[in-house]
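Secondary and tertiary structure notes
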Amino acid sequence: MKSELVVHLIKTAKTIGIEADSFALEYPENPEHGDYSTNIAMAYAKVLKMAPKALAEKIVEEFKKDMPAIIESVSVAGPGFINFKVKDTVFAESIINNQETKTKREKEESKNILIEYTDPNIFKAFHIGHLMSNAIGESLSRLIESSGAKVTRLCYPSDIGLHIAKSIWAMKRHESEIPADSASIQEKTAFLGKMYVEGTQMYESDEMSGAGITAKDDIDALNKILYEKSSPAVNALYEKGRNWSLEHFELLYKRLGTHFDGYIYESEMAPVGLDIVKVFLKKDVFAESDGAIVFKGEDHGLHTRVFINSHGLPTYEAKEMGLNVTKFKKYPETDTSIVVTASEQNEYFKVITKALTLIDENVGKKTKHIGHGMLRFASGKMSSRTGNVITAETLIDDMKKMVIERIADRKFTLEEAEEVSDMVAIAAIKYTILRQAVGSDVIFDSAKSISFEGDSGPYLQYSVVRANSIIEKAKTELDLGKEGEIRSLIHLSKVVLPEKVGLLEKLIVRFPDIVERASSEYAPQLIANYLINLAGAFNSFYASNIIVDADEALSPYRVLLTKSFVETMSEGLHILGIKIPKRM
């Protein structure tokens, strides 16, 4: 519908001497202004040396000479906007024919996209920052897939580095307390978290660890042993903790609805990054400085960062060189490689991307960083260094308890209550994250997030559950039978169309355009905000109409409209990574 109008506008503009290749066709905020509005006259008024309003009137005059059949009226408004009203029958026919209600647009089947996100640290808690990255990364993956592109999901767990040396140093002091193999994975990873906190506190203190050296010196030496893998005892502790962490991460991914296509580990990238930096030191991409090797970012309007430290060990920056070059070796057909991290790393990634471009222009040019905001609470920013950390699992479980209290009056079995509360809790968290622009911080309000009314994930789920119950009712009360899809049970040729359609039909038909824009702008919040408006429109429709009524001629149409709502909401919620319960 929109594309047809764009084509006709370009054709009309050409008849009056305008090569229209840059104008907007948007949805007016006020429905009374029409279904579409364009700024084409204001965009090209200077080119023709005309007043915008006068040019708009001229365009409208030409447009009406060969007006598309879908348009009911066209008018000029304000300083030169052109508004279009689409015939109500066009929207109604789209609903009954199931047209434009799904993202069936031109596919980008030739595109291959890598997207790396979540990137947890083994031996440390999977905290709400990782949850933020996971929710955004997964939603972006699904958005990009909706365009027809092939998406490869990658995760880059940090399985080497000083944070692990701190943890293992503390583990050695508490070997008698290490959980048994039979302990729960939660108990095991909670122990690792405590060890990391203790090791970090000791590293930052001046306390002696024995033999006349500080804990910091001891941990630094242990870090080198870990890189060299020179101690069987240390290696055994490392493998134990690494396996515990990775097992726990997989359980969380399954719960969150994420499946990674590949893992590249930081430990694998250390030697690769080290070699790359040394090779390009000779080519003047890097420089020596006080015994270390650095990238002089100031030469490129950025800041200097260390890539190999004075101990000869590769830093995280060097490993990034190895990681991103390796990605393109493993996936040579890649068109774009997206990395999702906290926005605190925005400036860091500017340096990384510039260095990559100088090493391999293909890799650098195709690498895109997307920085997300922080998930915050009233107590402020979390910190795994001090132990004041909110884990993803803790947040989900706390939300589940609140949901279980909320649905206590429903007749659920224990198994049903467990399943529903988990889906609703995760929906509450994901929606709260995804409703904001990706770079914005999110203030989490647990009570508002689980509301079944208003701006929340559970409200969206509840709206679909309600609509599905109406469809099930229709199968019986409209004598359609209990099996099969509702569309196949209704004789579409005999469906009576309404004389006037409402906001619900118009919003449903917009869905493909919303998804396309959200995908191109990497903006899942556009989907979240659209779905809230759509759910509101459906619930208003539900409150104003008897949908299932054997004596009402419009009932089959209303049932089909309800089905279109369910299809659209289901696809939209899938993009957000939100599951729909059978009952709520």
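Now for a description of the structure that goes with this document. What you see as residue numbers is a count from 1 along each chain, following the sequence as written. With the structure being a predicted model, the display of local features is reserved for residues of pLDDT at least 70 and the display and counting of side-chain atom pairs for 80 or more, all residues being used for whole-chain, interface and lining totals. As a rule here, side-chain values cover all heavy atoms of the structure and leave hydrogens and water aside.

**What about the overall build of the protein?**
- Numbering of helices and strands runs from the N terminus, with a helix taken as a DSSP run of H or I at least four residues long and a strand as a DSSP run of E at least two residues long. In terms of regular secondary structure, the protein is built from 21 helices and 16 strands.
- Buried residues in the protein amount to 53% of all 584 residues.
- Across the protein, every contact between residues at least 6 apart in sequence was considered, and the portion connecting residues at least 24 apart equals 72%.
- For the area figures, the Shrake-Rupley method with a 1.4 Å probe applies, and any residue is considered shielded solely by the protein chains shown. Total accessible area on the protein is roughly 26900 Å²; 49% of this is exposed by carbon and sulfur atoms. Think of it in three bands: residues with accessible area under 20% of the maximum for their type are buried, residues over 50% are exposed, and the middle band is partly exposed, with areas taken using a 1.4 Å probe on protein chains only. A contact between two residues is defined here by any heavy atoms of the two lying within 4.5 Å.

**A few points about the sheet that holds strand β5 (residues 112-116)**
- The strand order across the open sheet formed by five strands is β9-β6-β5-β13-β14, and the pairing between neighbours is parallel. Looking at strand neighbours, the two that pair on one side only are β9 (262-263) and β14 (367-372), the edges of this open sheet.
- Two strands qualify as a pair provided DSSP detects at least 2 bridges between them. As judged from the two bridges shared by strand β6 (residues 150-155) and β9, these two strands associate in the parallel manner. Within β9, the position partnered with Leu-154 by the bridge is Gly-262.
- With axes taken as lines fitted to C-alpha atoms, and helix axes fitted only over the stretch in contact, angles between N-to-C directions fall between 0 and 180 degrees. Sheet strands touched by helix α11 (residues 316-330): β5, β6, β9, β13 (336-342) and β14. Its angle to β13, the strand with the most contacts, is close to 145 degrees.
- In this fold helix α12 (residues 346-359) packs onto β13 and β14, with an angle of close to 175 degrees to the strand it touches most, β14.

**So, the sheet that holds strand β2 (residues 36-38)**
- The strand order across the open sheet built from four strands is β1-β2-β4-β3, with neighbouring strands paired in antiparallel fashion. Unpaired on one side and paired on the other, β1 (25-26) and β3 (71-77) mark the two borders of the sheet.
- Here β1 runs beside β2; their pairing, made up of two bridges, is antiparallel. Residue pairing for β2: Glu-26 is matched across the bridge by Ser-37.

**Topic: the pattern of salt bridges**
- When a carboxyl oxygen of Asp or Glu is within 4 Å of a side-chain nitrogen of Lys or Arg, the pair counts as a salt bridge. Counting across every chain of the model gives 28 salt bridges.
- The salt bridge involving Asp-422 is made with Arg-255; its shortest N-O contact spans 2.8 Å. Taken as a pair, Asp-422 in helix α15 (residues 414-434) and Arg-255 in helix α9 (residues 232-256) lie far apart in primary sequence, 167 residues in all.
- We classify Asp-422 as buried; its relative accessible area is 15%.
- The salt bridge involving Lys-475 is made with Glu-472; its shortest N-O contact spans 3.3 Å. Residue Lys-475 and its partner Glu-472 are both found in helix α17 (residues 457-477); the two are separated by three residues, about one turn of the helix.
- The class for Lys-475 is buried, based on a relative accessible area of 11%.
- Relative accessible area serves as the criterion here: at 46%, Glu-472 is assigned to the partly exposed category.
- In the salt-bridge network here, residues are joined through shared partners; they are Arg-255, Asp-397, Lys-400, Glu-418 and Asp-422.

**Focus on the pairing of strand β4 (residues 81-86)**
- With respect to burial, β4 is a largely interior element, five of its six residues being buried.
- Here three bridges tie β2 to β4, and the two strands are oriented antiparallel to one another. Along β4, the bridge assignment pairs Tyr-36 with Phe-84.
- Two strands pair when backbone bridges link them, and β3 and β4 are joined in this way by six bridges, in the antiparallel orientation. Directly across from Val-74, in β4, lies its bridge partner Phe-84.
- The loop that links β3 with its antiparallel partner β4 comprises three residues; one of these, Gly-78, has a positive phi angle of about 60 degrees.

**Considering the pairing of strand β11 (residues 292-295)**
- Where burial is concerned, the two faces of β11 agree: the one with Ala-292 and Val-294 and the one with Ile-293 and Phe-295 are both buried.
- Two strands pair when backbone bridges link them, and strand β10 (residues 287-289) and β11 are joined in this way by three bridges, in the antiparallel orientation. Residue Ser-289 lies in a different strand from β11, and its bridge partner there is Ala-292.
- In this structure, the hairpin formed by β10 and β11 is closed by a connection of two residues, where Asp-290 is found at a positive phi of approximately 55 degrees.
- Sheet topology places β11 next to strand β12 (residues 305-308); three bridges connect them, and they run antiparallel. Across the sheet, Phe-295 pairs through a bridge with Arg-305, a residue of β12.

**So, the environment of Glu-521**
- By the element assignment, Glu-521 lies in the loop between α19 (503-520) and α20 (524-544).
- Overall, Glu-521 belongs to the partly exposed group, its relative accessible area being 43%.
- C-alpha separation for the pair Glu-521 and Ala-24, spaced 497 residues apart in sequence, amounts to 15 Å.

**Side note on the packing of aromatic side chains**
- Centres within 6.5 Å make a pair out of two Phe, Tyr or Trp rings, where for Trp the six-membered ring is used; the pair is then stacked when the planes are under 30 degrees apart, edge-to-face when over 60, and tilted otherwise. Here the structure, examined in full by the defined rule, presents 19 aromatic pairs.
- Ring geometry for Phe-452 versus Tyr-462: centroids 5.8 Å apart, planes at 35 degrees, classification tilted. Here Phe-452, found in the loop between α16 (446-449) and α17, pairs with Tyr-462, found in helix α17; they are ten residues apart in sequence, far enough to count as distant.
- Within the aromatic cluster, the residues linked to one another by ring pairs are Tyr-117, Phe-126, Phe-249, Tyr-253, Phe-260, Tyr-263 and Tyr-265.
- Whether a charge lies above a ring is judged from NZ of Lys or CZ of Arg, which has to be within 6 Å of the ring centre and within 35 degrees of the ring normal. The aromatic ring of Tyr-265 is capped on one face by Arg-242, whose charged end is 4.5 Å from the ring centroid.
- The side chain of Arg-406 reaches across the aromatic face of Phe-452, ending 4.3 Å from its centre.

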